[in-house]
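# Notes for the structure review
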Amino acid sequence: MAEVGTMAGYQLNPPLLRACRDEEIRRRILTHLSIHDICALRLTSCAFSNMVTSSLFTKIRLSFSPSAFSRQCRIEALSRIGHHIKHFTFSMHHSDGTFLPPLLNPKTGMEIGFMYTPHTSLESERERPKYGSSELGNCLTAQYPTIFHAATNVPAFIRALGCMENLEHISISCPDQEPVERYRRSAVDYALISLRIAIERADLRHLTKLSLACHPAALLYLHPTPNFGASPSALRRWRQI
């Protein structure tokens, strides 16, 4: 890599640069390089950066975490590369940290049942509390892990997918659920609800393919209607796929 770089004080190799400007030659070269090497090549010069950036970010994989969509710096970075992304893989593993305990009233110790009503647009985020009431919100904040609150942040999902204007293919992977845990409430299920709403609401006119490697209940949360936050207009998006 140092032979074609300028960062180490070397001049660009003109024959190599001309060869890489040919799309077919560049594609064949890149198939023999690791992601690490392509990233290194991208940093050698503006010329190589312009040539390899698109192929480097055509496919991206996200392992969902509490800060995956909430940090502004990450959304800003995604907005810079998002138009290159054509295949997005969303991965969220089932674990002890994603399963949710019964929600209890802090005064009586009785279990609280609540009807989840997600935000379905960026505007609704400003119109009402996230969980309907401050009392319920306080209970959920005190008793549920941060991964749950990140999973229910629908506007953050909409913002993230909205950066991927040329997205064609979404893969969803939710491994590691044991059959005996099938009926346990999990933050993974809430993340799938948020992802489904974002798919329906973001401007994804090129989306035509959806690949699933999920637990059985995932199909319920990904089904467009009737479902949490569903709207009749959402069916237009699913007809694309």
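Residues numbered from 1 in each chain as written. Predicted model: local features only at pLDDT ≥ 70, side-chain atom pairs only at ≥ 80, totals over all residues. Heavy atoms only, no water.

## What to know about the sheet that holds strand β1 (residues 59–63)
Our working rule: Here, a strand pair is defined by DSSP locating no fewer than two bridges between the strands. We count a stretch as a helix when DSSP gives it H or I for four or more residues in a row; a strand needs E for two or more, and each element gets its number in order from the N terminus. All axes here are fitted lines through C-alpha atoms, helices being fitted over the stretch that makes contact, and every angle between N-to-C directions spans 0 to 180 degrees.
As summarised here, the arrangement of the four strands in space is β1-β2-β3-β4, forming an open sheet in which the pairing is parallel. On the outer flanks of this sheet lie β1 and β4 (209–213), each paired with one strand and no other. The mean angle between the axes of side-by-side strands here comes to 15°, regardless of whether they run parallel or antiparallel. Looking at chain direction, strand β3 (residues 169–173) and β4 are connected through five bridges and run parallel. Considered in β4, the bridge of Ser-173 is made with Ala-213.

## A few points about the pattern of salt bridges
Threshold: Salt bridge, as applied in this entry: a Lys or Arg side-chain nitrogen positioned within 4 Å of an Asp or Glu carboxyl oxygen. Burial classification: accessible surface area is computed with a 1.4 Å probe over protein chains only, and a residue below 20% of its type maximum counts as buried, one above 50% as exposed, and the rest as partly exposed.
Under the counting rule described, the total for this entry stands at four salt bridges. For Glu-181, the salt bridge identified is with Arg-184, shortest N-O distance 3.8 Å. Its salt-bridge partner being Glu-200, residue Arg-196 comes within 3.2 Å of it at the nearest N-O pair. On the criterion of helical spacing, the pair formed by Arg-196 and Glu-200 is a turn pair, its members being four residues apart in helix α10 (residues 187–201). Pair check on accessibility: Arg-196 and Glu-200 agree, each one buried.

## Let's talk about the packing of aromatic side chains
Counted only if it meets this: Each Phe, Tyr or Trp ring (for Trp, its six-membered ring) is paired with any other whose centre lies within 6.5 Å, and the angle between the two planes then decides the class: stacked below 30 degrees, edge-to-face above 60, tilted in between.
Tallied over the full model, the rule gives nine aromatic pairs. Taken together, a centroid distance of 5.9 Å and an interplanar angle of 15° make the contact between Tyr-131 and Phe-148 stacked. Of this pair, Tyr-131 sits in the loop between α6 (124–127) and α7 (134–143) while Phe-148 sits in helix α8 (residues 146–151), and the two are 17 residues apart along the sequence. Across this residue pair, the class does not change: Tyr-131 and Phe-148 are buried.

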